[in-house]
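Chain by chain, the residues run as shown.
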Amino acid sequence: MCIFSADDEDTFKILIATDVHLGYLEKDAIRGSDSYNTLDEILKCAKTNQVDFILLGGDLFHENKPSRRCLHSCITMMRNYCMGDSPVQFSILSDQTVNFNTTQFPWVNYQDENLNISIPVFSIHGNHDDPTGSEGLCALDLLSASGLVNHFGHSHSVDKIEISPILLQKGSTKLALYGLGSIPDERLYRMFVNNQVTMLRPKEDQDDWFNLFTIHQNRSKHGPTNYIPEQFLDDFLDLVVWGHEHECLIAPSRNERQLFYVTQPGSSVATSLSPGEATKKHIGLLRVKGRKMNLQKIPLKTVRQFFIQDVVLADYEDRFTPETPQVNKKVEDLCYAKVLEMLEEAERERLGCPMTPEKPLIRLRVDYSGGFEAFNTSRFSQKFVDRVANPKDIVHFLRRREQKEDIKDEVNVDYSKLVKTAAAEGLRVEDLVKQYFEAAEQKVQLSLLTEQGMGKAIQEFVDKDEKDAIEELITYQLEKTQRHLQARGVITEQDIDTEIQRFRESKKNTTEEEDEIREVSAAIIKLSDYSNDHVNSIMSCALSNNNIQLEDFGLTHLDFSPIFQDPCMWFIFPLFSASYL
């Protein structure tokens with residue numbers, strides 16, 4: 001680290017941001033413009049500071065298929081701030097056809113004779129706006145084709161990844177910009193372990209280059225292989241810009257083993273009411289001169305305030321116990337006082353900050369373990385409807401995880417006991433799928449599909465609005481299994497069951513399984529005109545065959561295919577019907 005006295009012709013000035021999530025809650029009457037206001041502030045900051053370029057670490061868009069409003073607003077803002085007559089002061093020395101291999105215009109946008117770019121934007125994709133379909137396109141590719149963004153770090157291969165840097169030079173300073181867009185963590189973890197990820201280096205004067213790497217993966221450990229350890233990255237790197245993690249830890253931290261620094265800018269909008277999102281939001285102004293750097297953190301003023309507190313009712317035994325008369329009223333009064341405290345703190349912080357939205361986000365997590373009961377949160381929230389931005393979910397009740405009960409009925413399962421209520425807010429869809437099958441008995445395990453494949457299909461259905469994802473996955477697997485059984489010449493029922501189990505286990509956690517998932521994802525795109533009425537009729541039959549009603553899951557019209565031979569698959573609907581369906 002180094003402090004620069006002044007900017008000069010040898011100093012790169014780079015604005016760094018990640019996880020903008022443009023379009024998040026854009027239909028919300030209160031929070032609908034939050035992500036747009038903050039992107040406007042980020043781009044205005046870049047122009048004010050006369051940066052050489054903007055570096056985005058993934059998830060520019062919240063939705064995989066952004067709305068027209070979202071795309072229109074993004075294009076408008078980038079034209080306003082990133083186009084102009086100011087000359088770009090650095091040059092590119094690397095082979096741009098390798099760096100920008102996802103576009104028909106394989107060169108940096110400011111060198112296009114038909115465009116007038118003053119601030120180039122370089123961006124990798126994240127897990128929200130990642131490439132999908134047989135063409136492997138994402139929303140960033142639309143911005144790339146229009147000349148507004150330089151999309152890099154897109155790997156086409158599932159067998160081997162070679163990360164070739166964009167080589168930039170300004171005066172005497174040479175900067176090697178590496179990028180890797182979001183890849184499923186388990187797959188990338190295994191590829192690192194198997195030495196299938198290579199970071200290429202300049203052929204000449206390798207020690208003269210400042211090496212900057214942008215990545216969009218889990219940094220925190222969410223499972224044995226569901227993250228990327230920092231020690232997997234090459235030790236020649238100087239700075240790693242880590243996207244995907246939303247907690248703002250922008251001050252560079254030194255990895256003492258690999259001897260590089262890591263900065264985690266975090267998200268610029270709170271997309272969940274979790275403690276990590278409550279950290280004050282910043283972007284970074286990175287200066288690089290020679291092999292030295294300085295990162296200045298810039299607080300974002302348009303971000304909506306967010307305050308969160310935890311209350312454990314058992315800690316207030318001097319005021320009430322579960323047996324206390326009118327204990328619910330006393331608990332509600334305590335929560336009311338806590339919310340007022342947070343509102344008063346928000347008002348104090350907002351003084352002198354006219355760009356900060358008036359209504360803050362407030363979350364009170366109440367642990368009511370030990371015999372307490374939850375009060376009516378809807379009635380409670382009405383008291384603050386004009387003062388907070390999230391009146392419907394101010395209070396969140398949770399209990400410490402209790403010992404698992406034996407599951408004897410494969411249909412009438414109490415799913416709330418299988419998942420930690422406290423952690424449900426931050427879990428991914430795939431995590432919930434995996435947790436369910438880890439907790440379930442053997443007789444309700446999947447017999448044909450793998451948990452990874454099912455998790456991926458449910459993720460596509462929930463996160464990316466791919467309505468045919470689950471049906472297409474199971475149809476694909478049925479056909480593939482049928483071909484396998486025919487090739488093996490299996491005839492008897494017992495042999496069929498044994499062979500299906502062997503076939504399923506042989507694919508788990510292998511590249512074959514991942515290839516199948518990719519093929520299914522590509523095929524889903526081709527089913528956009530598929531009749532939803534036909535799908536609904538199929539699902540209704542599947543449910544009725546198992547004596548299950550849609551109303552049991554809070555649904556009125558939804559269904560997929562006769563493939564749901566295992567009733568346990570329907571655990572997903574009570575978990576997501578309220579939030580997504």
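Residues numbered from 1 in each chain as written. Predicted model: local features only at pLDDT ≥ 70, side-chain atom pairs only at ≥ 80, totals over all residues. Heavy atoms only, no water.

## Points about the overall build of the protein chain
Looking only at helices and strands, the protein chain features 14 helices and 18 strands. Counting over 581 residues, the protein chain shows a buried share of 54%. Of all intrachain contacts in the protein chain linking residues separated by at least 6 positions in sequence, the fraction that spans at least 24 positions is 72%. (Helix = DSSP H or I, 4+ residues; strand = E, 2+ residues; numbered from the N terminus. Buried < 20%, exposed > 50% of the residue type's maximum accessible area, 1.4 Å probe, protein only. Contact = heavy atoms within 4.5 Å.)

## Thoughts on the sheet that holds strand 5 (residues 150-151)
The 6 strands are arranged 5-4-2-1-14-15 in an open sheet whose pairing can be described as mixed. The open sheet is flanked by strand 5 and strand 15 (292-299), the only strands paired with a single partner. Here helix 1 (residues 34-48) sits on the sheet and contacts strand 1 (12-17), strand 2 (53-56), strand 14 (282-289) and strand 15; the angle it forms with strand 1, its principal contact strand, is near 175°. (Pairing = 2+ DSSP bridges. Axes fitted to C-alpha atoms, helices over the stretch in contact; angles between N-to-C directions.)

## A few points about the side chain of Asn-64
On the secondary structure map, Asn-64 appears in the loop between strand 2 and helix 2 (68-82). Looking at Asn-64, its side chain comes within polar contact range of the main-chain oxygen of Asp-130, at 2.9 Å. (Polar contact = N/O pair within 3.5 Å; in protein donor to acceptor, adjacent residues only side chain to side chain.)

## Some words on the pattern of salt bridges
Tallying each qualifying case throughout the model produces 21 salt bridges. One salt bridge connects Arg-287 with Asp-7, and the closest N-O pair in it is separated by 2.8 Å. With Arg-287 in strand 14 and Asp-7 in the segment before strand 1, this pair connects stretches of sequence that are 280 residues apart. Note on Arg-287: relative accessible area 14%, which makes it buried. Note on Asp-7: relative accessible area 38%, which makes it partly exposed. Its salt-bridge partner being Glu-499, residue Arg-502 comes within 2.7 Å of it at the nearest N-O pair. Of this pair, Arg-502 and Glu-499 both sit in helix 11 (residues 493-507), 3 residues apart, which is roughly one turn of that helix. Looking at Arg-502, the relative accessible area reads 37%, which means it is partly exposed. With a relative accessible area of 12%, Glu-499 lands in the buried category. (Salt bridge = Lys/Arg side-chain N within 4 Å of Asp/Glu carboxyl O.)

## Points about the UniProt feature "active site" (unreviewed entry) in the protein chain
Here the UniProt feature "active site" (unreviewed entry) sits at His-128. Tracing the sequence through the fold places His-128 in the loop between strand 4 (121-123) and helix 4 (139-145). On the basis of relative accessible area, His-128 is assigned to the partly exposed category, the value being 23%. If sequence neighbours within four positions are ignored, His-128 has contacts with His-21, Asp-59, Phe-61, His-62, Glu-63 and Asn-64. (UniProt positions renumbered as here; feature names shortened; annotations may be inferred.)

## As for the environment of Thr-38
By secondary structure assignment, the location of Thr-38 is in helix 1. Residue Thr-38 is classed as buried on the basis of its relative accessible area of 2%. In this view, Thr-38 contacts Ser-268, Leu-300, Thr-302 and Val-303; residues no more than four positions away in its chain are not counted.

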